Amino acid sequence: MTSWCSSAQAFWLSLTLPIGACVSSIDGHPWTFVVIVLFVVPALDAMIGRGAPVTGQALEKSAEREVPCWFALTWACAVAIGAYRAADAPALQLIGLIVGCGVLSATAMAHLHELTHRPGKIWRLFSDLAFIVAGYPHYRVAHQLHHENLGNPEFGSTASVGTSVWRHVGRSYTSALKSSFTQGFFQHGGVPRTVFQVTFVAGLLLGAALTLHLWRVALFYVGYAAVSVFIVETVGYMQHYGFDQDPRPGAATSWDVDFWLSNCLLVNNGFHGSHHQDGHLPYQRLAGQHATLPGGYFQMLWLTLAPPLWFLVMDRRVRVLLARQRRQDTASGDQMGSDGCEIF
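Numbers given to residues run from 1 along each chain, matching the order in which its sequence is written. Two thresholds apply to this predicted model, a pLDDT of at least 70 for residue-level local features and 80 or more for giving and counting side-chain atom pairs, whereas whole-chain, interface and lining totals are computed over all residues. Side-chain numbers here rest on the full set of heavy atoms in the structure, without hydrogens or water.

*Asks:* Tell me about unusual backbone geometry, and name the residues and values.
*Replies:* Of note, Val 267 is a non-glycine position whose phi angle comes to about 40 degrees, a positive value. Structurally, Val 267 can be placed in the loop between helix H11 (260-265) and helix H12 (272-277). Non-glycine residue Asn 268 carries a positive phi angle of around 60 degrees. Secondary structure elements follow DSSP: runs of H or I of four or more residues count as helices, runs of E of two or more count as strands, with numbering from the N terminus. If you trace the backbone, Asn 268 turns up in the loop between H11 and H12. A 1.4 Å probe rolled over the protein chains alone gives each residue an accessible area, and that area as a share of the maximum for its type sets the label: buried under 20%, exposed over 50%, partly exposed in between. Note on Asn 268: relative accessible area 0%, which makes it buried.

Take a look at the structure:
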């Protein structure tokens with residue numbers, strides 16, 4: 001058991017999420033899936049504790065490299081089943097389908113995020129179509145701008161100390177959307193045509209549902225997209241809380257999560273600092289950067305919803321980390337000055 005938990009095979013466990021969503025939707029009990037993901041998984045994440053199935057290893061030729069692909073396909077099946085059931089579901093069941101597919105789509109974004117960083121047009125096309133289904137059609141372009149402007153709240157994700165998640169989510173999403181359509185932020189050729197294409201397709205899907213009088217399906221799409229976006233922006237809030245300054249070389253740019261179940265289900269998305277150092281590294285090769293959150297993503301999600309508790313836990317961590325980085329910068333500067341004196 002121990003060897004399996006520390007092997008890349010453990011990443012296949014993530015497929016239990018979309019499979020579970022499929023089963024609960026077909027069975028007519030979507031709230032069962034919601035309870036498992038929002039309550040049981042955080043408890044298991046805390047019980048299992050810190051770690052990761054695999055970090056810093058090259059597994060490009062292994063079957064585990066395809067985990068995000070299979071997750072995306074199974075997730076798409078779960079959404080399709082949810083849309084089918086939403087057409088005639090009672091009100092309470094419809095809300096359960098919306099919340100369940102929204103939570104699942106938020107976890108799917110970690111896998112789609114991995115795919116969108118892979119080289120090749122086929123992966124860009126696949127991820128763009130998936131982001132449309134997830135209700136975040138402009139994500140790939142917005143995320144690229146986030147990488148290029150790390151620490152700038154104008155491009156979303158980053159939050160300054162003292163900002164609550166309730167203030168952050170809407171502002172981050174609209175900032176990312178606005179930047180995706182702002183020509184001045186793109187160096188070559190203005191706003192990518194892809195942004196207009198994916199936005200048009202998303203509108204077309206919603207319009208088709210309304211035209212066919214499938215208003216419940218349209219409500220399902222808008223509803224689960226809103227839930228997904230809220231969670232995705234909240235995760236960005238966790239990752240970049242307090243890092244609203246221009247990053248210096250070698251300085252921390254995000255908070256990592258080193259809890260085993262979080263990294264297992266979200267394909268090492270917790271090692272976010274390593275990802276920002278090299279966005280093209282496959283998820284198996286990501287490793288921790290030592291600036292960590294005190295809990296896994298599934299646990300910290302609940303903490304963000306209570307801003308006073310979040311501030312109590314995180315503000316001190318931000319101050320300590322930034323003070324440590326300032327001391328390191330000062331020591332580095334003194335060393336450079338000493339070296340300069342020796343040269344002359």
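Now that the structure has been shown, we can carry on.
*Asks:* For the pattern of salt bridges, give the residues involved together with the corresponding values.
*Replies:* Oppositely charged side chains are able to pair whenever their charged atoms sit close together. The rule for a salt bridge is simple: a side-chain nitrogen of Lys or Arg has to be within 4 Å of a carboxyl oxygen of Asp or Glu. Summed over all chains, the structure comprises four salt bridges. For Asp 258, the salt bridge is made with Arg 50, and the minimal N-O distance between the two is 2.4 Å. Here Asp 258 is found in the loop between helix H10 (215-240) and H11, whereas its partner Arg 50 is found in the loop between helix H3 (30-48) and helix H4 (67-86), with 208 residues between them in sequence. When the shortest N-O distance is used, the salt bridge between Arg 65 and Glu 66 registers 3.9 Å.

*Asks:* Lay out empty space enclosed by the protein with the relevant residues and their values.
*Replies:* Put plainly, a pocket is an open set of points on a 1 Å grid over the protein atoms alone with protein on both sides within 12 Å along at least five of seven lines, a cavity is a set where a 1.4 Å probe fits but cannot get out, and a lining residue has an atom within 4 Å of a point. Grid points are joined across faces, edges and corners, and a volume is the space filled by probe spheres set on the points. Summed over all chains, the structure comprises three cavities of 30 Å³ or more. Estimated volume of the largest cavity: approximately 510 Å³. Sorting the residues of the lining of the largest cavity by element identifies H3, helix H5 (91-116), helix H7 (139-148), helix H8 (165-180), H10 and helix H13 (297-304) as the ones contributing at least two each. If one sorts the elements of the lining of the largest cavity by residue count, H10 sits on top with eight residues. Three classes are used: nonpolar for Ala, Val, Leu, Ile, Met, Phe, Trp, Tyr, Cys and Pro, charged for Asp, Glu, Lys and Arg, and polar for all others, with Gly counted as polar. Here the residues of the lining of the largest cavity sort into 21 nonpolar, twelve polar and one charged.

*Asks:* How would you sum up the packing of helix H2 (residues 16-26) against H4? Please name residues and give values.
*Replies:* The geometry of a pair of packed helices is captured by two quantities: the angle between their axes and the separation between those axes. Axis angles are defined between N-to-C directions and span 0 to 180 degrees, where every axis is a line fitted to C-alpha atoms and, for a helix, only to the segment in contact. In the contact formed by H2 and H4, the axes pass within 8 Å of each other and the chain directions differ by 15 degrees. Here H2 lies roughly parallel to H4, going by the angle between them. In the packing of H2 onto H4, the handedness of the crossing is left-handed. Across from Leu 17, Pro 18, Ile 19, Ala 21, Cys 22, Ser 25 and Ile 26 in H2, the residues of H4 making contact are Phe 71, Thr 74, Trp 75, Cys 77, Ala 78, Ile 81 and Arg 85. A per-class count over the contact of H2 with H4 returns eleven nonpolar, two polar and one charged. Every angle not falling under 35 degrees, over 145, or within 65 to 115 is termed oblique; those three ranges are roughly parallel, roughly antiparallel and roughly perpendicular. Crossing handedness: left-handed means the near helix sits turned counterclockwise from the far one by under a right angle, and right-handed means the same turn made clockwise. Every residue pair with non-hydrogen atoms within 4.5 Å of one another is taken to be in contact.

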